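Residues per chain are reported as follows:
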Amino acid sequence: MKNFYSKIKLFRVIFSLTYFLSIVFLFLEFKFKLAANFADYILFFQFAPSLIKFIFDASLLPIIYVLSLLFLTLIFGRFYCSFLCPLGVLQDIFIKLFQKLKILKQKFQSNKLQKLQYVLTIIIFSSLAFNFILPLSLFDPYSIAGKLLGNFLIPLVVYINNEIAYFINSLDFYFISPEKNIHFNFYSALFSLILFAIVFVTLAFYGRFYCNSICPVGGILSFASKFSLFKLKISSDQCLNCSLCQKYCKANCIDYKNNTIDFSRCVLCFNCLIYCSKNGIKFELDYKRNSLPKENGVISKSRRNFLNTITFSAAGILILNDDLEAQKRNRHKNNNLLYDSIELNRSKQPIIPPGAISLQNYSTKCVSCMLCVASCPTKVIVPTFNEFGWDKLFIPKLDYNYAYCQYDCVVCSEVCPTDAILKITIEQKQEIQLGKVRFKKRYCIVHTNNVECGACSEHCPTKAVNMIPYRGLHLPAVNDKICVGCGACEHVCPARPRKAIIVEAHSIHQKAQKPKSDFEERTHNEKLFPF
Amino acid sequence: MKRRDFIKAILASGSELFFPNLILPKKTLANNKNYDLVAVRGGNPDAMFYAAIKELGGIEKYVRKGQTVVVKPNIGWDVPPERAANTNPLLVGAIVKVCIDAGAKKVYVFDNTCDNWQRAYSNSGIERTVKQNGGEMVPGNFERYYSEVEIPNGVKLKKAKVHELILNSDVFINVPILKHHSSARLTISMKNHMGIVWDRFYWHRNDLHQCIADFSAYRKPDLNIIDAYRAMHRNGPRGVSEADVIELKALIISQDIVAADSAAAKFLNYEPQEIPYIKIAAEQKKLGNYDLSKLRIKRIVL
């Protein structure tokens, strides 16, 4: 039997590492741009993104996946947390590391915060019903893992890659080339760092503390695993009270003294099964669920807990709802304010990626996992802090100071796991207007310095910015009907300190007309050699 | 083109090609190899180049064994070759090939692109042809590759950060494509230099035309090979659609950057004097000759 268990464990380790590394690969895949081809298949198995597609788009496959995941959890328990959750696997890696460093304190912890976790979980998921995704995006383990990869691993790896590339290039080899690094956002990184600290400091003392006290996905699966068919059991006749199982339990959910296992916290790492000195722990059908007299008390207790949980979370939702209403009112007020100083503030409204369709769609589905930030070839997509407002923290925007959006590229729409950026074709993208170009003659170099420039028109993919004669020179003239809002003009405008041409964001993307071709014709010379 | 013009032109240019031995003594035949400018029409980009370089006396005249060569095409944009926003990949491949065959130690190709460099390198088709022919694609979009140099007699442009390959390579071959340009009127050889400097927006801020002419005095290319197989006659330099492109099937080679640009400009009905940077380069900086009637020009029709 033990042999069988160690095979299962081996399978878990190999499977989870492979899957985890494939997610890391998605984020780090800046060389061959393959992320777009694989993202869908790999991230489909993430709970929160599939749930979002399930709730907001009612897509068939995510529905089947989420339901079958819950179903499997009802049979086997929280295998998701050890097999598929990137943050979980990352913690497992750190547990291994901590064990080597002997700083891990693994002992049974009573389950004090589980109620809090359930309340949080209910609040987080019911806030989705109010189109409010921020709580989920802050605490969803996939999104946290993405932020960790995006804010720390990518900048570090790109930096190292670049140093190596420059060195190798200096030796006259060019098989490694430097890469543009992602735009670092201090607050986004700080938030990830704090969460990282919470997760990994508590990890040393309480094992998978985050998974069993805060994580919303863990909350759902933990609740489901309470009723699972199979459970881990300590058989008291075999147990030697050697405490090895408890020592190696990642979730600190084994109480060897009382021979009990809190299965709702178990992440199915199978360690206890292997490290048990006898065959004292078994993974078996929980058929004796109601037969023991002891358990009656447990059930009534858990029923009270359940009621408590419901009450607390209902209160939470009400408070949240009030909060949302207040925010809506405030936003309205702010809007009125905005109209008074439209010139200044309009340009501050961030631009959202093509395929996001509207701020409404984008901000209700984005869990800010930063995959689009990582895979954007020009790195024009950057993480934000509160630029979209305090209820839309961390969702990425397009920053035209840093780069511009390529006319023939739809990578962000291909990688987005939640369809916050919907799948679009290149043809569709070229008809989407992210914002409208605005030309301010008073800052333009042609006007102020009396020299030719035309950088904006040069870079415009649709010639929405065209040069017209002006004082013997050429001045930009904009046709915002065919502008796609890619930001090339804004990015390259050399006027300082204020750019003379900017893109003003649309909250709802508009349709850009197809570029016209009625410019002044200047045909070629018919002679074979005109000289 | 009318058929009569075509035949006339063929006769005019072909007579030299077909009957040199009859008309000219052997001694002047050798001198024939000293053309200031060779123009070819009517073939594929690579075939036109082979014909032209043969007339100039072969690539061996410019590239010696063991030398390093940097080829600077225009790879500014993330568009396919049919859009004619980037130099024709076949031409770039052919240039790399003849350099390697002539014994060049290494042939580097790079551009400080406008669009994303990896996408531009690969979608222009240039990366593929260069690698096939044994050349090396080098990134140009990172400041580390650039070092600051002084520009001799620069009026507006006194310093510029230049790509190390331009500074270190023995031979510099400039391979622009002939295109309309919204502010510089046309972009050909001299304007192609904007892809070997780091801060080209300094040029935009400080009189584009003067800066282009100023920089041309810094390092004159050993050869300017202008790709006009497809030329963009409007909406340049990026172009909006294939409607902006005319198939000229032409190629110009010259060491004289001003002459090369002037000749190419005429294909698109521009007079050289109309284009300020050509005028400045010729008149103020004396970098070359825009009066094409004073040049020894070889005209070839394939």
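Worth saying up front: this structure is predicted, and the values here are computed from it rather than measured.

**Quick notes on the overall build of chain B**
- Within chain B, the secondary structure is distributed over 13 helices and twelve strands.
- Here chain B holds 302 residues, and 64% of them are scored as buried.
- Across chain B, the fraction of contacts at a sequence separation of at least 24, relative to all contacts at a separation of at least 6, is 73%.
- For chain B, the exposed surface amounts to about 11200 Å²; the carbon and sulfur share of it is 49%.

**Details of the overall build of chain A**
- Looking only at helices and strands, one finds 23 helices and ten strands in chain A.
- For chain A, with 531 residues in total, the buried portion stands at 55%.
- In chain A, the share of contacts with a sequence separation of at least 24, taken over all contacts with a separation of at least 6, comes to 74%.
- Total accessible area on chain A stands at roughly 24200 Å², and carbon and sulfur atoms take up 64% of it.

**Some thoughts on the pattern of salt bridges**
- The full count for this structure, using the stated rule, is 31 salt bridges over all chains.
- A salt bridge links Arg144 of chain B to Glu163 of chain A; its shortest N-O distance comes to 2.5 Å. Of the two residues, Arg144 of chain B sits in the loop between β4 (136-137) and β5 (146-150) while Glu163 of chain A sits in helix α9 (residues 141-170), which places them in two different chains.
- Residue classification places Arg144 of chain B among the partly exposed residues on the basis of a relative accessible area of 47%.
- Residue class for Glu163 of chain A comes out partly exposed when judged on its relative accessible area of 29%.

**A few points about the confidence of the model for chain B**
Residues and elements named next belong to chain B.
- Confidence in the prediction of chain B, expressed as mean pLDDT, is 89, and 89% of residues score 70 or more.
- Least confident of the elements in chain B is helix α3 (residues 26-32), whose mean pLDDT is 43; most confident is strand β2 (residues 68-73), at 97.
- Listed scores for the predicted complex are pTM 0.85 and ipTM 0.86.

**Concerning the interface of chain A and chain B**
- Each partner contributes to the interface: chain A provides 52 residues, whereas chain B provides 62 residues.
- In this assembly, chain A packs against chain B so that about 4900 Å² is buried in total across both faces, 54% of it on carbon and sulfur atoms.
- Remark: the boundary between chain A and chain B carries 27 residue pairs in polar contact (both at pLDDT 80 or more).
- Listed by contribution, the elements that provide at least two residues to the side of chain A that touches chain B are α9, α21 (445-449) and α22 (455-459) of chain A.

**Describing empty space enclosed by the protein**
Residues and elements named next belong to chain B.
- Tallying each qualifying case throughout the model produces eleven cavities of 30 Å³ or more.
- For the largest cavity, the calculated volume is near 170 Å³.
- Residue lining of the largest cavity: 18 residues in total, with Asn74, Cys114, Lys191, Met194 and Gly195 positioned closest to the centre.
- Listing elements by their share of the lining of the largest cavity, those giving two or more residues are β8 (177-181) and α9 (189-192).
- Looking at the lining of the largest cavity residue by residue, the class counts come to four nonpolar, eight polar and six charged.

**Details of a nonpolar patch on the surface**
- Together, Phe184, Phe186, Tyr187, Leu190, Leu193, Ile194 and Ile198 of chain A give the surface a local cluster of nonpolar side chains, amounting to about 670 Å² of exposed area.
- Locating Phe186 of chain A in the fold gives a position in helix α10 (residues 186-206).

**Some thoughts on the environment of His181 of chain B**
- Inspection of the secondary structure puts His181 of chain B in strand β8.
- The class of His181 of chain B is buried, set by a relative accessible area of 1%.
- Residues His181 of chain B and Pro237 of chain B, 56 residues apart in the sequence, show an inter-C-alpha distance of 4.8 Å.
- Here His181 of chain B is in contact with Glu458 of chain A together with Leu186, Thr187, Lys191, Gly236 and Pro237 of chain B, once residues within four sequence places are set aside.
- Among the polar contacts listed, one links the side chain of His181 of chain B to the side chain of Lys191 of chain B, at a separation of 3.5 Å.

**Some words on helix α12 (residues 216-225) of chain A**
- Where burial is concerned, most of α12 of chain A is hidden: eight out of the ten residues are buried.
- For α12 of chain A, the full list of buried residues reads Pro216, Val217, Gly218, Gly219, Leu221, Ser222, Ala224 and Ser225 of chain A.

**Description of the packing of aromatic side chains**
All names here are of chain A.
- Evaluated as defined, the whole model comprises 40 aromatic pairs over all chains.
- Here Tyr206 and Phe209 contribute two aromatic rings whose centre-to-centre distance is 5.5 Å and whose plane-to-plane angle is 40 degrees, an arrangement assigned as tilted.
- Their ring planes at 75 degrees and their centres at 5.5 Å tell us that Phe223 and Phe227 sit as a pair that is edge-to-face.
- An aromatic cluster is built from Phe186, Tyr187, Phe191, Phe385, Trp390 and Phe394, whose rings are joined through pairwise contacts.
- When the ring centre of Tyr402 is taken as reference, the NZ or CZ atom of Lys180 above it lies at 4.3 Å.

**Things to note about the side chain of Arg219 of chain B**
Residues and elements named next belong to chain B.
- With respect to the helices and strands, the residue Arg219 is situated in the loop between α11 (208-216) and β10 (223-232).
- Take Arg219: its relative accessible area is 17%, and that puts it in the buried class.
- Within polar-contact distance, the side chain of Arg219 engages the backbone oxygen of Ile166 at 2.6 Å.
- Once you skip the residues sitting within four places of it in the chain, Arg219 turns out to touch Ile166, Ser169, Asp170, Val171, Phe172 and His193.

**Concerning unusual backbone geometry**
- Residue Pro497 of chain A is reached from Arg496 of chain A by a cis peptide bond, and omega for that bond is 0 degrees.
- Looking at the secondary structure, you find Pro497 of chain A in the loop between α23 (488-492) and β10 (501-511).
- Of note, the bond from Gly236 of chain B into Pro237 of chain B is cis; its omega dihedral lies within 30 degrees of zero at 5 degrees.
- Residue position: Pro237 of chain B is located in the loop between β10 and β11 (245-254).
- For Phe394 of chain A, which is not glycine, the phi dihedral falls at a positive 70 degrees.
- Turning to its location among the elements, Phe394 of chain A is positioned in the loop between β5 (381-382) and β6 (397-398).
- On the basis of relative accessibility, which here comes to 3%, the residue Phe394 of chain A falls in the buried class.
- In this structure, Asn235 of chain B takes a positive phi of about 60 degrees despite not being glycine.
- As for its placement among the helices and strands, Asn235 of chain B is situated in the loop between β10 and β11.

**Here we look at the packing of helix α4 (residues 45-55) of chain B against helix α5 (residues 89-101) of chain B**
Residues and elements named next belong to chain B.
- It is at 7 Å that the axes of α4 and α5 come closest, and there the two elements cross at 40 degrees. Compared by their axis directions, α4 and α5 come out oblique. In this structure, α4 crosses over α5, and the sense of that crossing is right-handed. Contact residues: Pro45, Asp46, Phe49 and Tyr50 in α4; Leu90, Leu91, Ala94, Ile95, Lys97 and Val98 in α5.

**What to know about the nonpolar core**
Residue and element names in this part refer to chain A.
- One finds Phe27, Tyr80, Leu136, Leu232, Ile281, Tyr362 and Leu371 to be the most contacted residues of the largest nonpolar core, which totals 149 residues.
- Here the element with the most residues in this core is helix α1 (residues 2-28); it accounts for seven residues.
- Setting aside anything within four residues of it in sequence, one finds Leu232 in contact with Ile261, Phe263, Cys266, Cys272, Leu273, Ile281, Lys282 and Phe283.

**Looking at the side chain of Lys285 of chain B**
- Position of Lys285 of chain B among the secondary structure elements: in the loop between α13 (276-284) and β12 (297-301).
- Ignoring sequence-local partners within four residues, the contact set of Lys285 of chain B consists of Asn153, Gly154, Val155, Ala213, Asp214, Ala217 and Ile280 of chain B.

**What about the packing of helix α6 (residues 86-101) of chain A against α10 of chain A?**
Residues and elements named next belong to chain A.
- With their axes 10 Å apart at the nearest point, α6 and α10 run at an angle of 45 degrees to one another. Relative to α10, α6 is oriented oblique. Viewed along their axes, α6 and α10 form a crossing whose handedness is right-handed. Residues Leu87, Leu90, Gln91, Phe94, Ile95 and Phe98 of α6 touch α10, and the partners they reach there are Phe196, Val199, Phe200, Leu203 and Ala204.
- Within the contact of α6 with α10, the residues separate by chemical class into ten nonpolar, one polar and no charged.

**Some thoughts on the environment of Leu268 of chain A**
All names here are of chain A.
- Positionally, Leu268 belongs in the loop between β3 (260-261) and α14 (271-275).
- For Leu268, a relative accessible area of 2% gives the class buried.
- Leu268 sits 244 residues away from Val24 along the chain, and the two C-alpha atoms are 23 Å apart.
- The contacts of Leu268, once residues within four sequence positions are left out, are Arg12, Phe76, Gly77, Arg78, Phe79, Ser82, Phe83, Phe263 and Phe283.

The rules behind each value
- Residues numbered from 1 in each chain as written.
- Chains lettered and ligands numbered in written order.
- Predicted model: local features only at pLDDT ≥ 70, side-chain atom pairs only at ≥ 80, totals over all residues.
- Heavy atoms only, no water.
- Helix = DSSP H or I, 4+ residues; strand = E, 2+ residues; numbered from the N terminus.
- Buried < 20%, exposed > 50% of the residue type's maximum accessible area, 1.4 Å probe, protein only.
- Contact = heavy atoms within 4.5 Å.
- Areas by Shrake-Rupley, 256 points an atom, 1.4 Å probe, with all protein chains shown as cover.
- Salt bridge = Lys/Arg side-chain N within 4 Å of Asp/Glu carboxyl O.
- pLDDT = per-residue confidence, 0-100.
- Buried area = accessible area lost by both parts, 1.4 Å probe.
- Polar contact = N/O pair within 3.5 Å; in protein donor to acceptor, adjacent residues only side chain to side chain.
- 1 Å grid on protein atoms, 1.4 Å probe; cavity = no way out; pocket = protein on both sides within 12 Å on 5 of 7 lines; lining within 4 Å.
- Points joined across faces, edges and corners; volume = space filled by probe spheres on them.
- Nonpolar A, V, L, I, M, F, W, Y, C, P; charged D, E, K, R; others polar.
- Patch = residues over 30% accessible without salt bridge, like charges linked within 9 Å, V, L, I, M, F, W, Y side chains within 5 Å.
- Phe/Tyr/Trp six-rings, centres within 6.5 Å; stacked < 30°, edge-to-face > 60°.
- Lys NZ or Arg CZ within 6 Å of the ring centre and 35° of its normal.
- Axes fitted to C-alpha atoms, helices over the stretch in contact; angles between N-to-C directions.
- Parallel < 35°, antiparallel > 145°, perpendicular 65-115°, else oblique.
- Left-handed = near helix turned anticlockwise from the far one by under 90°.
- Core = buried A, V, L, I, M, F, W, Y, C linked by side-chain atoms within 4.5 Å.

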